[in-house]
Amino acid sequence: MADAGNEAEGLRLLGLHVSPFALRARMALSLKGLSYEYVEQDLFHKSELLLASNPVHNKVPVLIHDGRPICESLVVVEYVDEVWPATGAAILPAEPYGRATARFWAAYIDDKLFPAWMGVMKAATEEARAEKVRETHAAVLNLEKAFAEISSSSSNGGGNGAAFFGGDSVGYLDLALGCSLPWFGALRAMFGVEVIDAARAPLLAAWAERFGETAVAKEVLPEPDEAVAYAKKIQAYRASASAKK
Ligand SMILES: N[C@@H](CCC(=O)N[C@@H](CS)C(=O)NCC(=O)O)C(=O)O
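Residues numbered from 1 in each chain as written. Predicted model: local features only at pLDDT ≥ 70, side-chain atom pairs only at ≥ 80, totals over all residues. Heavy atoms only, no water.

We now examine the domain arrangement of the chain. Partitioning the chain into domains gives domain 1 (11-83) and domain 2 (96-229). The C-alpha centroid of domain 2 is placed 21 Å from the C-alpha centroid of domain 1. Taken together, the contact between domain 1 and domain 2 spans 14 residues of the former and 23 residues of the latter. In total, about 1,600 Å² of surface goes out of reach between domain 1 and domain 2, with carbon and sulfur atoms giving 71% of it. Joining domain 1 to domain 2, the criterion identifies two salt bridges. Residue Asp110 pairs with Arg24 through a salt bridge whose shortest N-O separation is 2.7 Å. Elements that contribute at least two residues to the side of domain 1 that touches domain 2 include exactly α1 (20-31) and α3 (73-83). When residues in the side of domain 1 that touches domain 2 are grouped by element, the largest group, nine residues, is from α1. Its residues placed into classes, the side of domain 1 that touches domain 2 shows nine nonpolar, two polar and three charged. (Domains from an automatic or database assignment. Contact = heavy atoms within 4.5 Å. Buried area = accessible area lost by both parts, 1.4 Å probe. Salt bridge = Lys/Arg side-chain N within 4 Å of Asp/Glu carboxyl O. Helix = DSSP H or I, 4+ residues; strand = E, 2+ residues; numbered from the N terminus. Nonpolar A, V, L, I, M, F, W, Y, C, P; charged D, E, K, R; others polar.)

This is the structure we're talking about:
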């Protein structure tokens, strides 16, 4: 899939193998069956190509389509869905209300859930970590309710008790949340923290199991070990940077 035979679409993706945001973009490209050149980035030494392609944020992912950069993972997912509507699976819900709801919850995942679980990873004290765990669980609880509503509404195409946010198959919100599953595994391994705990969020826990079994997740998502290794690399980098101060 991420091969060099991409002349037809002229697609390049600047990513990082464990970046949940880059994984979103990769899953979207995969759902569309698009081939692209994948260019792994070293975020400790950012490439000229990354800096020139995303001069505002200097972050991955960046999709480069026919020489033009598209930045921000959710923007990339929507772009791919819009440019190739007839290719592969539809990613966004067909109806405006379903799309609005999906965008609302995707923003919630990025604005509330992501900083909370990232805070668990970065916490300097156990007390700070416990606070971030609480914030994470509060955000997951809201997403559990959202899943209950969305998976039983007809505006996502799935209807009663659908398997995914996107209905019978994965869609926008599945990618928005599913891209973090390797990191949820890393949090379990490193701190014993269960982000999507079956006791608190049974629907989401079952969703996570199903999502992990999909072809797109198996093809694109790394093992949690890779996220653990990267987290340790960041910790070591931070420790050596603060030792130099
Ligand atoms: N809102 C952005 C977030 C992207 C992001 O935070 N990417 C991280 C990797 S996970 C990055 O490139 N960080 C580099 C930096 O912060 O300098 C998106 O959705 O694409």
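Here the focus is the packing of aromatic side chains. As enumerated under the stated definition, the model contains eleven aromatic pairs in all. Judged by centre distance (5.0 Å) and plane angle (90°), the ring pair of Phe104 and Trp105 falls under edge-to-face. Their ring planes at 25° and their centres at 6.0 Å tell us that Trp117 and Trp183 sit as a pair that is stacked. Pair noted here: Trp117 is in helix α4 (residues 96-122) and Trp183 is in helix α7 (residues 181-191), with a separation of 66 residues, a long-range link. Residue class for Trp183 comes out buried when judged on its relative accessible area of 6%. Joined through ring pairs, the aromatic side chains of Phe21, Phe114, Trp117, Trp183 and Phe184 make up one cluster. When the ring centre of Tyr38 is taken as reference, the NZ or CZ atom of Arg26 above it lies at 3.9 Å. (Phe/Tyr/Trp six-rings, centres within 6.5 Å; stacked < 30°, edge-to-face > 60°. Buried < 20%, exposed > 50% of the residue type's maximum accessible area, 1.4 Å probe, protein only. Lys NZ or Arg CZ within 6 Å of the ring centre and 35° of its normal.)

Glancing now at helix α10 (residues 224-243). For α10, built from 20 residues, the straight-helix expectation of 28 Å at 1.5 Å per residue is met to within 8% by its first-to-last C-alpha distance of 29 Å. Among all positions in α10, only Ala227, Val228, Tyr230 and Ala231 are buried. Burial along α10 is one-sided: seen end-on, the buried residues are contained in an arc of 165°. Those residues of α10 that are exposed and angled more than 90 degrees off the buried face are Asp225 and Ala243. (Expected span 1.5 Å × (residues − 1). Arc of directions from axis to C-beta.)

Turning our attention to the site of the ligand. Surveying the vicinity of the ligand reveals the residues Ser19, Phe21, Leu43, Lys46, Lys59, Val60, Pro61, Glu72 and Ser73. Contact between the ligand and Val60: an oxygen atom at 2.9 Å from a main-chain N or O atom of the residue. Take Ser73: an N or O atom from its side chain is 2.6 Å from an oxygen atom of the ligand. If the ligand stood free it would expose 520 Å²; the protein chains cover 74% of that surface. Classifying every residue of the shell around the ligand gives four nonpolar, two polar and three charged. (Near = heavy atom within 4 Å. Polar contact = N/O pair within 3.5 Å; in protein donor to acceptor, adjacent residues only side chain to side chain. Areas by Shrake-Rupley, 256 points an atom, 1.4 Å probe, with all protein chains shown as cover.)

Strand order across the open sheet formed by four strands is β2-β1-β3-β4, with mixed pairing between neighbours. Every other strand in the sheet has two partners, leaving β2 (37-40) and β4 (68-71) as the edge strands with one partner each. Recorded for the sheet is a direction-independent mean angle of 20° between the axes of neighbouring strands. Pairing geometry for strand β3 (residues 62-65) and β4, over four bridges, is antiparallel. In the sheet register, Leu63 faces β4, and the bridge partner there is Ile70. Against the sheet, α1 engages β1 (11-15), β2 and β3, with an angle of about 155° to β1. Along the sheet, α3 makes contact with β3 and β4, crossing β4 at roughly 120°. (Pairing = 2+ DSSP bridges. Axes fitted to C-alpha atoms, helices over the stretch in contact; angles between N-to-C directions.)

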